[in-house]
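Take a look at the letters that make up each chain.
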Amino acid sequence: EKISRFTVGVQAERARLAQRLEKLQQEDVFAQKVCDQVAAKVRDFLQDDSVPQCAAAVRRQHARALEDLVPALRFNVAHEGEVVEAALVLEEERRTACILDDLAVLCQDIKAEQVELHVQWEKQRASFLQRLWEVSCAQSKVRGVERQAALLEEAINAQHSHAQQLNHLQKMPKAYQRAL
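Residues numbered from 1 in each chain as written. Predicted model: local features only at pLDDT ≥ 70, side-chain atom pairs only at ≥ 80, totals over all residues. Heavy atoms only, no water.

What follows covers the nonpolar core. With 7 residues, the main nonpolar core is built from V58, A65, L69, I99, L103, L106 and I110. Counting residues per element, the ones that place at least two in this core are α2 (50-72) and α3 (86-179). Ranked by the residues each element gives to this core, the list is headed by α3, at 4 residues. Setting aside residues no more than four positions away along its own chain, I99 makes contact with L69, A72 and L73. Ranked by size, the runner-up nonpolar core spans 6 residues in total, among them L24, A31, V145 and L152. (Core = buried A, V, L, I, M, F, W, Y, C linked by side-chain atoms within 4.5 Å. Buried < 20%, exposed > 50% of the residue type's maximum accessible area, 1.4 Å probe, protein only. Helix = DSSP H or I, 4+ residues; strand = E, 2+ residues; numbered from the N terminus. Contact = heavy atoms within 4.5 Å.)

All right, on to the pattern of salt bridges then. Scanning the model with the defined rule gives 6 salt bridges in all. Taking the shortest distance from any N to any O, the salt bridge between E13 and R16 comes out at 2.6 Å. Residue E13 and its partner R16 are located together in helix α1 (residues 2-47), separated by 3 residues, close to a single helical turn. Given a relative accessible area of 24%, E13 falls into the partly exposed group. When the shortest N-O distance is used, the salt bridge between R95 and E92 registers 2.4 Å. Taken together, the positions of R95 and E92, both in helix α3 and 3 residues apart, correspond to about one turn of that helix. Since its relative accessible area comes to 29%, R95 is described here as partly exposed. A single network of salt bridges, built from pairs that share partners, joins K41, R131 and E134. (Salt bridge = Lys/Arg side-chain N within 4 Å of Asp/Glu carboxyl O.)

What follows covers a nonpolar patch on the surface. On the surface, F128, L129 and L132 cluster together into a nonpolar patch covering about 280 Å² of accessible area. Within the secondary structure layout, F128 lies in helix α3. (Patch = residues over 30% accessible without salt bridge, like charges linked within 9 Å, V, L, I, M, F, W, Y side chains within 5 Å. Areas by Shrake-Rupley, 256 points an atom, 1.4 Å probe, with all protein chains shown as cover.)

Moving on: the packing of aromatic side chains. Counting across every chain of the model gives 1 aromatic pair. Ring centres 5.9 Å apart and planes at 40° place the aromatic pair F45 and F128 in the tilted group. Here the residue F45 occupies a position in helix α1, and F128 occupies one in helix α3, the gap between them amounting to 83 residues. When its relative accessible area of 14% is taken as the criterion, F45 is described as buried. According to the relative accessible area criterion, F128 is partly exposed, its value standing at 42%. (Phe/Tyr/Trp six-rings, centres within 6.5 Å; stacked < 30°, edge-to-face > 60°.)

A word on the environment of Q165. Turning to its location among the elements, Q165 is positioned in helix α3. Note: C-alpha distance between Q165 and D36 (129 residues apart in sequence) is 44 Å.

Okay, the confidence of the model for the protein chain next. Looking at the protein chain as a whole, its pLDDT mean stands at 87, while 93% of the residues score no less than 70. When pLDDT is averaged over each element of the protein chain, α1 comes out on top at 90 and α3 at the bottom at 88. (pLDDT = per-residue confidence, 0-100.)

Its 46 residues place the ends of α1 66 Å apart at the C-alpha level, agreeing with the 68 Å of an ideal helix rising 1.5 Å per residue. Among the residues of α1, those classed as buried are V10, L17, L24, A31, V34, V38 and F45. (Expected span 1.5 Å × (residues − 1).)

Next up, the structure:
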């Protein structure tokens, strides 16, 4: 009677372990899918070059202002006692006014590009924090699966120990026969 109950208990435990193993395998597949999705999102994040493009546009506009427009504002001032034609002075004033207008437009463009750079930076920052959160969640899922796998391994080892006890039961009829 005791042996039958023990055997039934071991078989029931074996069935529970098989169910736990199946569930663990499903969770492992799910965790792997989550990890793959997160890895793809991180790769996409790393390939996003919107911030460097906006920064490059600001640098180009700034360089244009410093290299083209600011030097064009310089003009030769007549030395003391030198006679300069009024038409030449008026032409220089018109040219300077046009350059200043171009410079003002360029400064507005730079300001707008800086706003866009800030917007892109904030989007990238938010995306980075989201990816970081997703990686953390994936790591938690993997750790959970690893913990469950370790617990299942301990249970399987205990089951194996119980099965070894059943091997002794197989020898009992022979020992009984010898004893008779």
